[in-house]
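Each chain is listed here by its residues.
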Amino acid sequence: MGNMTSIPVELCATFDADEIRRLGKRFKKLDIDGSGSLSVQEFMSIPELQQNPLVQRVIDIFDTDGNGEIDFKEFIGGISQFSVKGDKESKLKFAFKIYDMDKDGFISNGN
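Under an unreviewed UniProt entry, the name given to the chain is EF-hand domain-containing protein, and the organism recorded is Rotaria magnacalcarata.

Participant: How should the UniProt feature "domain: EF-hand" (unreviewed entry) in the chain be read in this particular structure?
Facilitator: As annotated in UniProt, the feature "domain: EF-hand" (unreviewed entry) corresponds to residues 50-85 and 87-111 in the numbering used here. A helix fraction of 44% and a strand fraction of 6% characterise residues 50-85, whose end C-alpha atoms lie 26 Å from each other.

Participant: What is the right way to look at the packing of helix α4 (residues 55-62) against helix α6 (residues 88-99) in this model?
Facilitator: Geometrically, a packed helix pair is captured by the angle between its two axes and the distance between the axes. The interhelical angle for the contact between α4 and α6, taken along N-to-C directions, is 120°, at an axis separation of 9 Å. The angle between α4 and α6 falls in the class oblique. Handedness of the crossing formed by α4 with α6: right-handed. Contact with α4, carried on its side by Arg-57, Val-58, Ile-61 and Phe-62, involves Phe-94, Lys-97 and Ile-98 of α6 and no other residues of that element. Split by residue class, the contact of α4 with α6 holds five nonpolar, no polar and two charged.

Participant: Help me understand the pattern of salt bridges, please; the structure alone is not making it clear to me.
Facilitator: Close approach of charged atoms allows side chains with opposite charge to pair. Inspection of the entire model under this criterion finds three salt bridges. A salt bridge links Asp-18 to Arg-22; the nearest nitrogen and oxygen atoms lie 3.4 Å apart. On the criterion of helical spacing, the pair formed by Asp-18 and Arg-22 is a turn pair, its members being four residues apart in helix α2 (residues 17-30). Residue classification places Asp-18 among the partly exposed positions, given a relative accessible area of 39%. Judged by its relative accessible area of 49%, Arg-22 is partly exposed. Put simply, Lys-93 and Glu-89 hold a salt bridge, and the shortest N to O gap is 3.2 Å.

Thresholds applied
- Residues numbered from 1 in each chain as written.
- Predicted model: local features only at pLDDT ≥ 70, side-chain atom pairs only at ≥ 80, totals over all residues.
- Heavy atoms only, no water.
- UniProt positions renumbered as here; feature names shortened; annotations may be inferred.
- Helix = DSSP H or I, 4+ residues; strand = E, 2+ residues; numbered from the N terminus.
- Axes fitted to C-alpha atoms, helices over the stretch in contact; angles between N-to-C directions.
- Parallel < 35°, antiparallel > 145°, perpendicular 65-115°, else oblique.
- Left-handed = near helix turned anticlockwise from the far one by under 90°.
- Contact = heavy atoms within 4.5 Å.
- Nonpolar A, V, L, I, M, F, W, Y, C, P; charged D, E, K, R; others polar.
- Salt bridge = Lys/Arg side-chain N within 4 Å of Asp/Glu carboxyl O.
- Buried < 20%, exposed > 50% of the residue type's maximum accessible area, 1.4 Å probe, protein only.

Written out as structure tokens, the structure reads:
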């Protein structure tokens, strides 16, 4: 996790080294079991997320490899969507994914 070369180049443009270090410390605090990844339960230990009805969708989007947990690279990638330095197109794609429940490229009415 501390190895900056493992962070994708586009994320290094979103966060500087100090920000990545701080995010790494936050990630380690959330990683209660020390596994190197965040389970849904660990992610939900963030008080601001506990009452958010969209949090499971956000977790699913952060979890790019679909293994049910979020590693540091996925964490940084997901958090970058909320950065003021992030590009507008990525933010729009992220927002769209929240409502594309069945991942078919369309926002449906839930039927």
